[in-house]
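One letter stands for each residue in the lines below.
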Protein chains: 2
Amino acid sequence: MDETTQADEIDVATGLIRLSFLVQSIYGRASERRDLTPVQAKLLSVLADSPRCMAELAALFGVEKAALTGLVDRAERRGFVHRAPVPGDRRALLVTLTPEGHQAAAAFLDDVKAEVSGLASDLRPDDRERFRATLAQVIRER
Amino acid sequence: MDETTQADEIDVATGLIRLSFLVQSIYGRASERRDLTPVQAKLLSVLADSPRCMAELAALFGVEKAALTGLVDRAERRGFVHRAPVPGDRRALLVTLTPEGHQAAAAFLDDVKAEVSGLASDLRPDDRERFRATLAQVIRER
DNA sequence: TATTGTTATACTCTATAACTATA
DNA sequence: TATAGTTATAGAGTATAACAATA
């Protein structure tokens, strides 16, 4: 097995790990520009697709539901979300974006996607399309 | 522009962002299995390559140097690293892995790389090699 | 003066355990 | 009994500002 450290010789796992840290650092800086923490940015991004219950968000984020309380508290205090009752289950709460939350989510997502796209901007068009298709395959069902 | 949500139709930026969260969740679970936080795991992984000064680590992690003090304190308390004087600069401290730290870093890295490799294991060999080469190109110089 | 590292303080994020209300 | 969400407590990680020691 080749064990050199040249970028061109790295294995798939190392490449994926480095790339993920690269993307996360872009994500973090984009959050900061919008005065959000990465977790708050992720919360807004998820809720931009559709409102979610607390338990659902906890499962989606892979954290205990108790962690969601403070997270949603802070987002609510900033006017990004509100807790809405769920008709038919008086225990549950649907976390929903406010108009300000939608605006913040859209601005953040535009920002982060534009910068992440830049990572692939030097690829030849056919390489980029192949890369995109392989990315789609890798994340499918996960 | 196509705006469907099917996995096969996602753009490169969205694919990269989702993949990075996927890799980070694997990284987090592998850390947890070794009783490390993700940041501690990252610290050990970086130091496995070579010892680093506090300021160097702060720059590498993109955090303030003050944050490194507690991070290295906790790693030192657990016997993974120690602070060594730097000959020729009595201000600086070289953070160095202990034998236990090297062992922990190697075990963690084997673990996380094996699981991350699994993400690409369903690709056809030629697709995987092309994917690997494109990853190398994207992270080069970054 | 600039740099290296630390301390003090405050905030966010998270886990755990115990709790309330509802199903 | 089980589930949805909260509270209380503790610890990790981080930023900021002020500091000491050295360059």
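Treat the numbers as computed from the prediction; the structure is a model and nothing was measured. Numbers given to residues run from 1 along each chain, matching the order in which its sequence is written. A letter from A marks each chain and a number from 1 marks each ligand, given out in the order of writing. Local features are withheld for residues below a pLDDT of 70 in this predicted model, meaning they are given only at 70 or higher, and side-chain atom pairs are given and counted only at 80 or more; totals for whole chains, interfaces and linings count all residues. Excluded from the side-chain calculation are hydrogens and water; included are all heavy atoms of the structure.

Novice: Help me get a handle on the protein's contact with DNA strand C, residues and values and all.
Specialist: DNA strand C sits among 21 residues. The nearest are T37 and R74 of chain A together with K65, R91 and L93 of chain B. Whether a residue is near a molecule or strand is decided by its heavy atoms; if any one of them lies within 4 Å of it, the residue is near. At the protein interface, 65% of the atoms of DNA strand C within 4 Å belong to sugar or phosphate. E64 of chain A is positioned such that a nitrogen or oxygen atom in its backbone is 2.8 Å from a phosphate oxygen of DNA strand C. Pairs of N or O atoms within 3.5 Å make up the polar contacts considered here, provided that, within protein, one atom can donate a hydrogen while the other can accept it, and that residues adjacent in sequence are counted only when both atoms are side-chain atoms. At a separation of 2.9 Å, a phosphate oxygen of DNA strand C approaches a polar backbone atom of R90 of chain A. Secondary structure elements follow DSSP: runs of H or I no shorter than four residues count as helices, runs of E no shorter than two count as strands, and numbering proceeds from the N terminus. Of all elements in the fold, only α2 (38-49), α4 (65-77) and β3 (89-97) of chain A together with α3 (54-61), α4 (65-77) and β3 (89-97) of chain B reach the threshold of two or more residues within the surface near DNA strand C. Gly counts as polar in this scheme, as do all residues outside two lists: the nonpolar Ala, Val, Leu, Ile, Met, Phe, Trp, Tyr, Cys and Pro, and the charged Asp, Glu, Lys and Arg. Of the residues that constitute the surface near DNA strand C, the class distribution is 10 nonpolar, three polar and eight charged.

Novice: Describe the environment of V138 of chain B, naming the residues involved and giving the relevant values.
Specialist: Among the structural elements, V138 of chain B can be located in helix α6 (residues 125-139). Here's how the labels work: a residue is buried when its accessible area is under 20% of the maximum for its type, exposed when over 50%, partly exposed in between, all with a 1.4 Å probe on protein chains only. On the basis of relative accessible area, V138 of chain B is assigned to the buried category, the value being 1%. The residues touching V138 of chain B, leaving out its near neighbours within four places in the chain, are L19, L119, L123 and F131 of chain A. Should any heavy atoms of two residues lie within 4.5 Å, those residues are counted as being in contact.

Novice: Tell me about the packing of α3 of chain B against α4 of chain B, and name the residues and values.
Specialist: Residue and element names in this part refer to chain B. Note on geometry: axes are C-alpha line fits, over the in-contact stretch for helices, and angles between N-to-C directions span 0 to 180 degrees. In the contact formed by α3 and α4, the axes pass within 9 Å of each other and the chain directions differ by 105°. As the angle between them shows, α3 and α4 are arranged roughly perpendicular. Across the interface between the two elements, M54, L57, A58 and F61 of α3 pack against K65, L68, T69, L71 and V72 of α4. In terms of residue class, the contact of α3 with α4 is made up of seven nonpolar, one polar and one charged. Oblique is the label for any angle not covered by the other classes, which are roughly parallel (under 35 degrees), roughly antiparallel (over 145) and roughly perpendicular (65 to 115).

Novice: So what's going on with the pairing of β3 of chain B? Residues and values would help.
Specialist: Residues and elements named next belong to chain B. Here strand β1 (residues 52-53) runs beside β3; their pairing, made up of two bridges, is antiparallel. The residue of β3 that forms the bridge with C53 is L94. For two strands to count as paired, DSSP must find a minimum of two bridges between them. Remark: two residues form the turn of the hairpin made by strand β2 (residues 81-86) and β3, two consecutive strands paired antiparallel; G88 in that turn has positive phi of roughly 100°.

Take it as geometry only, folks, not as evidence of what the structure does.
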